[in-house]
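# Summary of the model geometry
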Amino acid sequence: MEDWQAKAAQLGVAVAGFLAVVALVLLVAERGPRAVRDRLAIALFAGPALVLVGVGLVYPAVRTAVLSLFDADGTSFVGVDNYEWVFTDPQALVTVRNTLVWVVLVPVFATGIGLLYAVLIDRSRFEAVAKSLLFLPMAISFVGASIIWRFVYAYRPPESGQIGLLNQLVVWAGLPPQQFLNDPPWNTFFLVVVMVWIQAGFAMVVLSAAIKAVPAELTEAARLDGASPWQLFRNVTLPCIRPSLVVVLTTVVIGVLKVFDIVRTTTGGQFDTSVLANEMYVQSFTAGEYGRGAALAVLIFVLVVPVVAYNVRQLRRTREVR
Amino acid sequence: MAQHRPRRALVARTAVLASVLALVLAACGGDGSSATADGGASTPADCAAFADYGTFDGATVTVYASIRDAEGEVLQRAWAAYAECTDTEIDYEGTGAFEAQLRVKVKGGNAPDIALLPQPGLIRELAAQGALQPVSAQTESNVDANWDATWKGYGSVDGTLYAVPHGAYVKSYVWYSPSRFADAGYEVPTTLEEMKALSDRIVADGDGKPWCAGIESGEATGWPATDWVEDFVLRMAGPEVYDQWVDHEIAFDDPRIRAAADAVAGYLKNEDYVNGGFGDVRTITGTAFQEAGYPILDGACWMHRQASFYANQWEDGTTVGPDGDVFAFYLPAASADGEQPVLGSGEFVGAFSERPEVQAFQRYTSTMDYVRSRAVLSPGSWVTAAKGLDPAVFSSPIDRSSYEILQNPEAVFRFDGSDQMPAAVGTGSFWRGMSDWLNGKDTGPVLDQIEASWG
């Protein structure tokens, strides 16, 4: 109780101090000469953001890059050894390979399914309901979704009843139940399904909006010219929504490069399912290899940056078009 | 990560234990009352026993450990009388992320006064950093008197004692159902050969598989299998080779280690033997270690190798005892007489400060008064390696059995090897290697891979 009161008092003092400083700055800004006032205003508005970016983003990034050149506990310089490990150690290579599989499959399938769905339900009677159905998984956290799918993939011996949906289907089909998450390399594909399940809704919503934004004159003109539905889609709709398509694809790629929760929750990276972000965590926090963990973090960063840059440019271009 | 094991078990402890405890106390009233009489020595009324420590005017000693919840409260009761009589404020904090947090605290210059350190490796690391303080001469003479040299050794670095032994846990246990063994006419095996023969006999009898196992444990998946391998290295290659293996004086994939791993494969990778109640061998990788022994109760499996703390995992209403639903036998040695190797783990009381109230508290934990007061409170989860306690002070039969094993003059105790190896191996490649191994990879490549990771 006393502890609580002491903390509340400390908090009160801190808030009062902060307000006093702000008041003082505002007062100076109000009274001082114009040049000083402008500079002060800039500092006042941009300063906190810059400080936060510096402390929260720039410093840790630099520190991580430096750490990646040091050994396990960050004491002696080892040059590029950690990077060499990433690209030569068989286990680490499996991780890199899996990440590539994720980066190729998830965006393609999530966007593909989202696009197909958006086109099929466009202007149908059940559009709203159908959209919310596919969009619902977006509302579930990655960990929640992973737990759901772990149940879907759950295995029980043939002699007892199955509790996993997928294995029950397999048994009904007359086949023996499978341990889906144990068999490399297929287990990675079963994990990819989880991410696609979550992300397809996002792709669908964005692409559906883009399709609706296609000018009606264009589609009408194409129809009058006798274009088949496929030609209409291929030659009119698709070029019109291209910028949105690229934004969706790249956004999903960025998400996939950072995927961690799904692997962590379903297999923990066992059985050759680890990906870069999961391995970064494992190396840093369970194996105590901070150098390797940092090297993996830098690698993810390097892979994400060009995609982010491209994404931002596309986003800007989309806005200009609009 | 041994400290996680008891703790996880501890967290799960609920009314099960209370009921087990009640039954046990009812069953052995004599022992129970003598235990209470011992406990009486530490009631707040009698401060004479603490006169020697002086009083500290309400000075605070912070204690940091991985023991939480109900267990944490029991732990604090063990020193309540001391705190009152010496006027020391003992501020206890238990956390689920102990090692990571402790390292952060120490690096940030915010170390606790006292920590319960679960790994000799961590003691070495903290002593090398100069963070841990060597114990006082008085404390050291207590440790010399109350523990044998092995246990003192785990708390020492280069001959200097840094931490006082606290809890001790026996891992070389096989859980089984005494009643079902009796019905089927099975005898508890006393040698490794007998255990193999019994397993074959159970297979021949065809009523459920002899073994069940599970190594899924979230981030720590794999550890139960490392315990299997360590137990067999200790039995087949002997304690000296075990020490060399743990210290990496011999390769991880040395032929003798390979032989022990092959012997484990004879159980865990044997489709006839496992995985009772769960399916084939590979289901071991996905079965939670907490649930892995349950098929013993419904008859799908006969034996489950797991540490003493598994006593707390059994469902409500299960009696744990030599005549109960489940009990554990000592995982036999190669031969019934001679050395009886014991794999185990424990925790140690280390001090980060030289302040007199901290040193006095650490000294108190090295006395038999404290050990007894803690043991009496133990509801089936805490055993010590300190010498000369009456086993009757332990109220649960499994604790009593653990204490007897630890005190057996033929017993050769070895600390959990994966806790002593570098983290990258002990909590990294060894764990993952075991998962891959039970998922179908061959023994040779798995051991090679772990050896390769040990830089």
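Everything quoted here is computed from the prediction, not taken from an experiment.

### A look at the overall build of chain B
- Helices and strands together make up the secondary structure of chain B, namely 21 helices and 12 strands.
- For chain B, buried positions account for 54% of its 455 residues.
- Put simply, 77% of the contacts in chain B that link residues at least 6 apart link residues at least 24 apart.

### Side note on the interface of chain A and chain B
- Each partner contributes to the interface: chain A provides 13 residues, whereas chain B provides 18 residues.
- Its residues assigned to classes, the side of chain A that touches chain B comprises 6 nonpolar, 6 polar and 1 charged.

### Examining the nonpolar core
- Counting 125 residues, the largest nonpolar core has Ile123(B), Trp175(B), Val233(B) and Leu406(B) as its most contacted members.
- It is helix H12 (residues 223-236) of chain B that provides the largest number of residues to this core, a total of 8 residues.
- Of all hydrophobic cores here, the second largest spans 59 residues; its members include Ala203(A), Val206(A), Leu257(A) and Met280(A).

### What about the UniProt feature "domain: ABC transmembrane type-1" (unreviewed entry) in chain A?
- UniProt's feature table lists "domain: ABC transmembrane type-1" (unreviewed entry) at residues 96-311 of chain A, given in the numbering used throughout.
- A helix fraction of 73% and a strand fraction of 0% characterise residues 96-311 of chain A, whose end C-alpha atoms lie 23 Å from each other.

### Quick look at helix H8 (residues 137-146) of chain B
Residue and element names in this part refer to chain B.
- Within H8, the full set of buried residues consists of Thr139, Asn142, Val143 and Asn146. Projected down its long axis, H8 shows its buried positions confined to an angular sector of 100°, all on one face.
- On its buried face, H8 is in contact with helix H9 (149-154), strand S5 (160-161), strand S6 (163-170), helix H16 (356-365) and helix H17 (368-377).

### Concerning the domain arrangement of chain A
- Taken domain by domain, chain A consists of domain 1 (2-67) and domain 2 (81-321).
- Relative to domain 2 of chain A, the C-alpha centre of domain 1 of chain A lies at a distance of 40 Å.

### Some words on the UniProt feature "transmembrane region" (unreviewed entry) in chain A
- UniProt's feature table lists "transmembrane region" (unreviewed entry) at residues 6-28, 40-62, 100-121, 133-152, 189-211, 232-257 and 290-312 of chain A, given in the numbering used throughout.
- Helix and strand shares over residues 6-28 of chain A are 100% and 0% respectively, and the end C-alpha atoms of the span are 33 Å apart.

### Let's talk about the sheet that holds strand S7 (residues 173-176) of chain B
Residue and element names in this part refer to chain B.
- One open sheet holds the 4 strands; their spatial order is S8-S9-S7-S10, and the pairing between them is mixed. The open sheet terminates on both sides in strands that have one partner only, identified here as strand S8 (209-211) and strand S10 (327-330). For this sheet, the mean angle separating the axes of adjacent strands, direction not counted, is 25°.
- Two strands pair when backbone bridges link them, and S8 and strand S9 (residues 301-305) are joined in this way by 2 bridges, in the parallel orientation. Within the sheet, the bridge partner assigned to Trp211 lies in S9 and is Met303.

### Some words on the packing of helix H4 (residues 90-121) of chain A against helix H8 (residues 186-212) of chain A
All names here are of chain A.
- For the pair H4 and H8, the least separation of the axes is 6 Å and the interaxial angle reads 40°. Classed by the angle they form, the pair H4 and H8 counts as oblique. Note on packing geometry: the crossing formed by H4 with H8 is right-handed.

### Some remarks on the environment of Val248(A)
All names here are of chain A.
- Note that Val248 resides in helix H10 (residues 229-257).
- Judged by the 26 C-beta atoms lying within 10 Å of it, Val248 is buried.
- Sequence separation between Val248 and Leu315 is 67 residues, and the spatial gap between their C-alpha atoms is 10.0 Å.
- When sequence neighbours within four positions are dropped, the list of residues in contact with Val248 reads Thr111, Ala203, Val206 and Leu207.

### Details of the packing of H8(A) against H10(A)
Residue and element names in this part refer to chain A.
- As a packed pair, H8 and H10 sit with axes 9 Å apart at the nearest point and diverge in direction by 150°. Considering their axes alone, H8 and H10 lie roughly antiparallel with respect to each other. Regarding H8 and H10, the two cross each other, and that crossing is right-handed. On the side of H8, the interface is formed by Met195, Gln199, Ala203, Val206, Leu207, Ala210 and Ile211, while H10 contributes Thr237, Ile241, Ser244, Leu245, Val248, Val252, Gly255 and Val256.
- Looking at the contact of H8 with H10 residue by residue, the class counts come to 11 nonpolar, 4 polar and no charged.

### Observations concerning the confidence of the model for chain B
Residue and element names in this part refer to chain B.
- Chain-level pLDDT for chain B is 85 on average; 89% of the residues reach the 70-or-more range.
- Within chain B, helix H3 (residues 29-40) has the poorest average pLDDT of any element, 37, and S9 the best, 95.
- Within the model, pLDDT remains below 50 along residues 1-44, and this stretch shows 83 contacts once partners closer than five positions in the same chain are excluded.
- Reported confidences for the modelled complex are a pTM of 0.77 and an ipTM of 0.73.

Rules used throughout
Residues numbered from 1 in each chain as written. Chains lettered and ligands numbered in written order. Predicted model: local features only at pLDDT ≥ 70, side-chain atom pairs only at ≥ 80, totals over all residues. Helix = DSSP H or I, 4+ residues; strand = E, 2+ residues; numbered from the N terminus. Buried ≥ 20, exposed ≤ 12 C-beta atoms within 10 Å, placed from the backbone. Contact = placed C-beta atoms within 7 Å. Nonpolar A, V, L, I, M, F, W, Y, C, P; charged D, E, K, R; others polar. Core = buried A, V, L, I, M, F, W, Y, C linked by C-beta atoms within 7 Å. UniProt positions renumbered as here; feature names shortened; annotations may be inferred. Arc of directions from axis to C-beta. Domains from an automatic or database assignment. Pairing = 2+ DSSP bridges. Axes fitted to C-alpha atoms, helices over the stretch in contact; angles between N-to-C directions. Parallel < 35°, antiparallel > 145°, perpendicular 65-115°, else oblique. Left-handed = near helix turned anticlockwise from the far one by under 90°. pLDDT = per-residue confidence, 0-100.

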